[in-house]
Amino acid sequence: RSIDLPVEVSVFGKRIDQRLLLSIATVALASVLIIGCSTRPEVSENLPMAGNHSPGDLFMVTADTSSDGFHYLEPQMSPNNQRIVFTADWIALPVDPRNLPDTPLLDRQLVVVNMELQETILSQLSMSNAQLVRIAEGGPNMEIQKGSPVWINDESILFWIETDFGARLARLEVPQNLDGLLQPEIIYAEPSDGENSGMYWEHRDPAISPDGHWIAFSKSRYAIDGIPEDDDYGQQSIWVMEMPGLGSQSELVFQVTTEASIIANPSWSPDGTKIVFNSNINLDSGLNSPLEIFTIDFDVTEAENNNAILDLNINRLTNSENNDHIPIRNWAPVFSPDGMNILFVSDRRAPSITLHERSIWSIPSDGGLEPSILFFSREDDIDVSFAPGQSDMIIFSSGMGFPTEMLDRIEQE
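Residues numbered from 1 in each chain as written. Predicted model: local features only at pLDDT ≥ 70, side-chain atom pairs only at ≥ 80, totals over all residues. Heavy atoms only, no water.

Draft legend 1. Expanded view of the pattern of salt bridges. Under the counting rule described, the total for this entry stands at 11 salt bridges. Among the salt bridges present, the one from glutamate 162 reaches arginine 204, with a minimum N-O distance of 3.5 Å. Pair noted here: glutamate 162 is in strand 8 (residues 156-163) and arginine 204 is in strand 11 (residues 199-208), with a separation of 42 residues, a long-range link. Judged by relative accessible area, arginine 204 falls into the partly exposed class, the value being 25%. Aspartate 347 is the partner of arginine 329 in a salt bridge, and the nearest nitrogen-oxygen pair spans 2.5 Å. One end of the pair, arginine 329, is in the loop between strand 18 (315-316) and strand 19 (330-335); the other, aspartate 347, is in the loop between strand 20 (341-346) and strand 21 (359-364), and 18 residues separate them in sequence. (Salt bridge = Lys/Arg side-chain N within 4 Å of Asp/Glu carboxyl O. Helix = DSSP H or I, 4+ residues; strand = E, 2+ residues; numbered from the N terminus. Buried < 20%, exposed > 50% of the residue type's maximum accessible area, 1.4 Å probe, protein only.)

In structure tokens:
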């Protein structure tokens, strides 16, 4: 994804027991953010606002990227809250020997870091305990794009990796010591893989159900040479598959939504009965159309019988208006641990922040109220998720830099 500003992994919560506190900075942050909501002139806003962000303790867990411009995205915390996996620019974490002139600088790699809260600014990611997930020779090349990592358990992850036939879902054991080379296992391939079918399939955005039995992911197809004449070109939909190795006679793979030009980023409710995602389904077509948050029901019985119903009880949660003909985009939704709310990222304008800075918002999971802003820093705040088993701690990527630097900028303004 293209990010306008460098971002790093942060955690944000109302209470974090037995953690080092950024005492003065934290107190100032909670106060200054509230004040900051009224120190700039209001901008025109068509969307109603309900509530405000929730001040809390803010901690950095990766190096500060404000000086090097590297991006650390898609952070996910392990079930035991001990490690965080995220994607990073290839050159953000040097590995010797390397040939920099031949390195594809835009490729994204997987990085694992221990959950240690930084009290001081680290100028490079290599100064922390971060480790690069290195892919073995003979498997997918380590410079090939990877993304959307999620933890299967404390020792293994699921992610997508680019192959000759498009992005495919892969499983990988991630030991504590990542000095060696690792071999991922592709868990789902198209029947046409290895053939000259003329189509190029993409499997991305994996999300694992709470019971570990199902994987939801986005699926799309493109023409390798030219544009096909049918209407399915470039269409996306949400699919669900059984987690491989659970002992069933045949691993089920089935579609659960109709297609649209954008349907992506599925996430499960805590009880596994709903899937939330972002889409422009039934909206203006095209990549520049608004994106809204939707939920569908997931019927386990029908799924086990390979008889999934498309768009089962689909519910549109957000209804964003276009302000000055600029589409509002809401994406990457996740359920809260109690299932009562859904957090998501949006570029809708909030009071006192400029246009198209992405922030973290919240909405009741039934869509009964308008969204309210949960957190913003006047920079990009994206890729939010809850720490496993904790309802008052979120982890996300942000372009704000180390908190004290952010406070200095606000003070100068």
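Draft legend 2. Molecular detail of the environment of serine 269. Looking at where serine 269 falls in the secondary structure, it is placed in the loop between strand 15 (263-268) and strand 16 (274-279). The spatial distance from the C-alpha of serine 269 to the C-alpha of valine 334 is 8.0 Å, given a sequence separation of 65 residues. At 3.2 Å, the side chain of serine 269 and the backbone nitrogen of threonine 273 are in polar contact. (Polar contact = N/O pair within 3.5 Å; in protein donor to acceptor, adjacent residues only side chain to side chain.)

Draft legend 3. Representation of the pairing of strand 24 (residues 393-398) within the structure. Most of strand 24 is tucked away, with six of its six residues classed as buried. By the alternation rule, side chains of strand 24 split into Met393, Ile395 and Ser397 and Ile394, Phe396 and Ser398, which are all buried. Taken together, the four bridges between strand 23 (residues 381-386) and strand 24 define a ladder with antiparallel strand orientation. The residue of strand 24 that forms the bridge with serine 385 is isoleucine 395. Hairpin connection between strand 23 and strand 24: a loop of six residues separates the two successive antiparallel strands, and glycine 389 in this loop has a positive phi of roughly 75°. (Pairing = 2+ DSSP bridges.)

Draft legend 4. Representation of the nonpolar core in the model. Residues Val11, Tyr72, Met77, Ile84, Phe86 and Val111 are the most contacted members of the largest nonpolar core, which totals 25 residues. Broken down by element, this core gets its largest block of residues, three residues, from strand 4 (residues 83-89). Filtering out sequence-adjacent residues up to four positions away, methionine 77 remains in contact with Val11, Arg83, Ile84, Met115, Trp151, Ala387, Pro388, Met393 and Ile395. (Core = buried A, V, L, I, M, F, W, Y, C linked by side-chain atoms within 4.5 Å. Contact = heavy atoms within 4.5 Å.)

Draft legend 5. Expanded view of the layout of surface pockets. In this structure, the second largest pocket occupies an estimated 1,100 Å³ of space. If you trace the second largest pocket, you find 39 residues lining it, with Gln76, Val150, Ile208, Ser267 and Ser385 closest to the centre. Breaking the lining of the second largest pocket down by element, the ones donating at least two residues are strand 3 (72-77), strand 7 (146-153), strand 11, strand 15, strand 19 and strand 23. Tallying contributions element by element places strand 7 first for the lining of the second largest pocket, with five residues. (1 Å grid on protein atoms, 1.4 Å probe; cavity = no way out; pocket = protein on both sides within 12 Å on 5 of 7 lines; lining within 4 Å. Points joined across faces, edges and corners; volume = space filled by probe spheres on them.)

Draft legend 6. Representation of the sheet that holds strand 14 (residues 253-255) in the model. An order of 11-12-13-14 is seen for the four strands of this open sheet, with the pairing classed as antiparallel. Strands at the two margins of the open sheet, each flanked by one partner only, are strand 11 and strand 14. Mean inter-strand twist for the sheet, computed between neighbouring axes without regard to direction, equals 30°. (Axes fitted to C-alpha atoms, helices over the stretch in contact; angles between N-to-C directions.)

Draft legend 7. Layout of unusual backbone geometry. The phi dihedral of asparagine 265 falls on the positive side, at around 55°, and the residue is not glycine. Tracing the sequence through the fold places asparagine 265 in strand 15. The backbone phi angle of asparagine 313 is positive, close to 50°, even though this residue is not glycine. Note on placement: asparagine 313 falls in the loop between helix 2 (300-304) and strand 18.

Draft legend 8. Just the pairing of strand 5 (residues 108-114), in detail. Of all seven residues making up strand 5, six are buried, and the element is well covered by its neighbours. Sheet topology places strand 4 next to strand 5; seven bridges connect them, and they run antiparallel. Within strand 5, the residue paired with aspartate 89 across the bridge is arginine 108. Summarising the sheet, strand 5 and strand 6 (residues 131-132) pair through two bridges and their orientation is antiparallel. Residue pairing in the sheet places valine 112 in a bridge with glutamine 131 of strand 6.

Draft legend 9. Structural view of the sheet that holds strand 16. Spatially, the four strands line up as an open sheet ordered 15-16-17-18, and their pairing is antiparallel. Two strands in the sheet have a free side with no partner beyond their single neighbour: strand 15 and strand 18. In terms of strand pairing, strand 17 (residues 292-297) meets strand 18 through two bridges, oriented antiparallel. Residue threonine 295 lies in a different strand from strand 18, and its bridge partner there is asparagine 315.

Draft legend 10. Representation of the environment of leucine 169 in the model. Structurally, the position occupied by leucine 169 is in strand 9 (residues 166-173). Between the C-alpha atom of leucine 169 and that of tyrosine 188, which follows or precedes it by 19 residues, the distance is 6.2 Å.

Draft legend 11. Here's a closer look at the packing of aromatic side chains. Under the defined criterion, the tally for this structure stands at eight aromatic pairs. Where tryptophan 268 meets phenylalanine 298, the ring centres are 5.0 Å apart and the plane angle is 90°; that geometry is what we call edge-to-face. One end of the pair, tryptophan 268, is in strand 15; the other, phenylalanine 298, is in the loop between strand 17 and helix 2, and 30 residues separate them in sequence. Exposure class is identical for tryptophan 268 and phenylalanine 298. Each is buried. Taking the centre distance of 5.2 Å and the plane angle of 55° together, the rings of phenylalanine 375 and phenylalanine 396 count as tilted. Of this pair, phenylalanine 375 sits in strand 22 (residues 372-375) while phenylalanine 396 is found in strand 24, placing the two residues 21 residues apart along the sequence. Of the residues examined, phenylalanine 375 reaches a relative accessible area of 0% and is grouped as buried. Each member of the aromatic cluster is reached from another via a ring pair, and the members are Trp214, Phe254, Trp268 and Phe298. Taking NZ or CZ as reference, arginine 204 lies 3.9 Å from the ring centre of tryptophan 160, over its face. Above the ring of tryptophan 239, the side-chain terminus of lysine 219 is found at 3.7 Å from the ring centroid. (Phe/Tyr/Trp six-rings, centres within 6.5 Å; stacked < 30°, edge-to-face > 60°. Lys NZ or Arg CZ within 6 Å of the ring centre and 35° of its normal.)

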